[in-house]
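Report on the structure
Listed below are the residues making up each chain.
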Amino acid sequence: MESSAIPSKRRRSVGNAYASLSPRGEPLNHFKKMRFPYVKARFLHTINASKLKTTTLHNQSNTSQIAVEKSCLDLLQSCNTFPKLAQLHTHIIKLGFQNNPLVLTKFTSASSNLDAIPYAMSLVFSVEDARVYDAFLFSTIIRAYADSQSKHNAIFYYNLMLGYGISPNKYAFPFVLKACAGLRDLNLGKAVHGTLVKFGFNDDIFVQNTMVHMYCCCSGGVEFARKLFDEMPKSDPVTWTVMIGGYARLGQSADAVTLFRKMQIAGVCPDEVTMISILSACTDLGALELGKWIESYIEKERVLKTVELCNAIIDMFAKCGDVDKALGLFRSMSERTIVSWTSVIVGLAMHGRGLEAVSLFEEMKESRIVPEDIAFIGLLSACSHSGLVEKGKQYFSEMTKQYGIVPKIEHYGCMVDLLSRAGLVAEALQFVERMPIEPNPIIWRTLISACRVHGDLKLGESISKQLIRNEPMHESNYVLLSNIYGKMLDWEKKSKIRAAMGKKGIQKIPGSTMIEVDNEIHEFIVGDKSHDQYNEIIEMVNEMGREMKKAGYIPTTTEVLLDIDEEDKEVALSRHSEKLAIAFALLNTPPGSPIRIAKNLRVCGDCHSASKFISKIYSREIVMRDRSRFHHFRDGQCSCRDFW
């Protein structure tokens, strides 16, 4: 049997050889005795050698395959152009890596970096065997779409992942939540929240932080965010920063400041992102003293001063009333971005220093910084607040012709404001009628305000009525028309407008003024008697009125658009929130110190006039920030030169 392993011809020659050597002439028996150990050894050697060769080839093949895969991954990592990506796509298919989850994941990531996510999907979902898909691949896809403008696709692929029966990992949920935040979809966010609880990721700190951010971004979600925040461990500064930033973005700046103080009490060290958020809250509140303290804290604690943080400090000083400090910090920066330049230009515009804003803009161009559309918004606003009509027209033309920037609605709004403030109502109307895009309600309201100020009341009435037809539930439209009728002294029509507002449940936004004293924010609203010092404040208001009248002040009773007698109108004017805040400051701040207040609406003519008198009588500088600009009152004069 054993001899059958050897071919017959070869077997005979071997037998004959052994026969010639046999003294007894027993070739076959001798062959059987002698050849088996030899053949068996050779045979086993051949088999083992074959196995060794096969194993070696297999190992070499694996090693080669791993090396090729690594090379492919390295190329994807360094891929920085779409043509290279397309070449790698072909390369992947030739190598048969289209079923390799790691390669597909890296290809998706590279495509995302080149803003070519749909192109990646054409490869990823060309695979017939869905078993190659895993949680990491889907997490990469979801992340790519969550970081793009197509956030709804992140939700689509999240649902697709669940449809394939793939359980999301902890890396997927933060980006799904980020997509929900971008979509501002509270119900969707709640649904994802419920799913991640089922998968057991609700205790992951990174997921929790993203959930707080998501709720803060969705309308009506801030209370859910705060409830979640209160239930979380708070050793991580990111947790505090997310909640503080949420409050700041929503305009709940006082809540942001309060939470920041609790963060300090808890002994958690803020980072530069926290500082940017709290500086934004200070900017909104006009809280200069708190902003100054934060700047000193940054220096003392050696918080990393990124360009973004420096820009936030500059913006805070500019919008809290100390534009010279902002300008000084800007000059000291070793690295400046377009945001740095724009922040100072906008700051100078708000303070009515239009010529300086124009000069800085020209300096920016000389520094070879290409202006963006936002810079032109600041520049046109500066021209508007300073009455630089021709300069504004020049820059609007330059923006389109020299820099090829297509004007946005904000640019058109600045131009309408520029012409309206200068009393060029007819030209402003012509400009609006020639606009290549549909004017928004803000532009029409700017025109209406100009009609009221400059006496073109019939035009103002016509535009107001049209706005009410277009936006029947917007309170500003009714208030503007009511004010037009008040200026016409048509109390019957004015009364009807007020009645219509009441019938529809529309309320006028009350004027409010905030002031910071001893690191505490005080807010005053017309008719609010809840302040602890209310009685003393009213006594001071009455004293201010007596002193101002001695100095020649005459109340501008035409500002009171109610059908009441002159004496009641004077009382109504004296209770405006600006005067209450100034009276409070006179009672609670050292003599001669500046008074800084922030108003939520445009300052009325009477309060503007009164502030000039108060600044002279009490030897106080009054820095007032209203809805659109700053007014610096010194020695009976205002920096706006009565142009606002």
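A brief report on the enclosed structure follows.

Reading the values: rules and limits
Residues numbered from 1 in each chain as written. Predicted model: local features only at pLDDT ≥ 70, side-chain atom pairs only at ≥ 80, totals over all residues. Heavy atoms only, no water. Pairing = 2+ DSSP bridges. Helix = DSSP H or I, 4+ residues; strand = E, 2+ residues; numbered from the N terminus. Expected span 1.5 Å × (residues − 1). Buried < 20%, exposed > 50% of the residue type's maximum accessible area, 1.4 Å probe, protein only. Contact = heavy atoms within 4.5 Å. Polar contact = N/O pair within 3.5 Å; in protein donor to acceptor, adjacent residues only side chain to side chain. Right-handed = clockwise from strand over helix to strand, strands pointing away. Core = buried A, V, L, I, M, F, W, Y, C linked by side-chain atoms within 4.5 Å. Arc of directions from axis to C-beta. Salt bridge = Lys/Arg side-chain N within 4 Å of Asp/Glu carboxyl O.

Structural notes on the sheet that holds strand β5 (residues 630-634)
Ordered by their spatial adjacency, six strands build an open sheet running β2-β1-β3-β4-β5-β6, and the pairing between neighbours is mixed. Edge positions in the sheet fall to β2 (520-525) and β6 (637-638), since each of these pairs with one other strand and no more. When β5 meets β6, the two strands line up antiparallel, connected through two bridges. Residue Arg634 lies in a different strand from β6, and its bridge partner there is Gln637.

Some thoughts on helix α10 (residues 205-217)
Here α10 contains 13 residues, and its C-alpha end-to-end distance of 19 Å stays within 8% of the 18 Å for a straight helix at 1.5 Å per residue. Where burial is concerned, most of α10 is hidden: 10 out of the 13 residues are buried. Taken together, the buried positions of α10 are occupied by Val207, Gln208, Asn209, Thr210, Met211, Val212, Met214, Tyr215, Cys216 and Cys217. The secondary structure elements touched by the buried residues of α10 are α8 (172-183), α9 (186-198), α11 (222-231) and α12 (237-249). If you check the start of α10, you find a side-chain oxygen 3.1 Å away from the backbone N of Phe206, and it comes from Asp204.

Section: unusual backbone geometry
In this model, Asp115 sits at a positive phi of 55°, which is unusual for a non-glycine residue. With respect to the secondary-structure elements, Asp115 resides in the loop between α4 (101-113) and α5 (117-124). Phi at Leu489 is positive, roughly 65°, even though this residue is not glycine.

Details of the pairing of strand β3 (residues 595-599)
Most of β3 sits out of view: four of its five residues are buried. Where strand β1 (residues 512-517) and β3 come together, three bridges link them in antiparallel fashion. Its bridge partner lying in β3, Thr513 is registered against Lys599. Relative to strand β4 (residues 622-625), β3 runs parallel, the two being bridged by four bridges. When the sheet's bridge partners are listed, Arg596 is paired in β4 with Val623. Taken together, β3, helix α31 (residues 605-617) and β4 constitute a β-α-β crossover, and its handedness is right-handed.

Some remarks on the nonpolar core
Among soluble globular proteins, nonpolar side chains are generally buried collectively. Within the largest apolar cluster, 147 residues are counted, with the highest numbers of intra-cluster contacts made by Met243 and Met275. Once residues lying within four places of it in the same chain are set aside, the contact partners of Met275 are Phe260, Pro270, Ile294, Tyr297, Ile298, Val303 and Leu309.

A short note on helix α13 (residues 253-265)
Taking 1.5 Å of rise per residue, 13 residues should cover 18 Å, and α13 covers 19 Å from first to last C-alpha, within 8% of that figure. When α13 is considered as a whole, its buried residues turn out to be Ser253, Ala256, Val257, Leu259, Phe260 and Met263. Angular distribution of buried residues about the axis of α13 spans 165°; they occupy a single face of the element. At its buried positions, α13 is contacted by α11, α12, α14 (272-285) and α15 (288-300). At the C-terminal side of α13, Gly267 shows a positive phi close to 75°.

Focus: the pairing of β1
Of all the six residues making up β1, six are buried; the element is thus mostly covered by neighbouring parts of the structure. Judged from the six bridges that link them, β1 and β2 form a sheet pairing that is antiparallel. Bridging from a neighbouring strand, Met514 pairs with Glu523 of β2. Between β1 and β2, which follow one another and run antiparallel, lie two residues, and Asp518 among them has a positive phi close to 50°.

Description of the side chain of Glu475
Relative to the helices and strands, Glu475 is located in helix α26 (residues 475-488). In this structure Glu475 comes out as buried when scored by relative accessible area, which is 14%. At a separation of 3.2 Å, a polar atom in the side chain of Glu475 contacts the side chain of Ser476. If we skip the residues at most four places from it in the chain, Glu475 touches Met501, Ile506, Gln507, Lys508 and Ile509.

Some thoughts on the pattern of salt bridges
Enumeration over the complete set of coordinates arrives at 27 salt bridges. A salt bridge links Asp147 to Lys178; the shortest N-O distance between them is 2.4 Å. Placement of Asp147 in the loop between α6 (135-146) and α7 (151-163) and of Lys178 in helix α8 is noted, with a sequence separation of 31 residues between them. Looking at Asp147, the relative accessible area reads 41%, which means it is partly exposed. In this structure Lys178 comes out as partly exposed when scored by relative accessible area, which is 34%. Taking the shortest distance from any N to any O, the salt bridge between Lys550 and Glu547 comes out at 3.6 Å. Of the two residues, Lys550 and Glu547 are both situated in helix α28 (residues 534-550); the distance of three residues between them amounts to about one turn of the helix.

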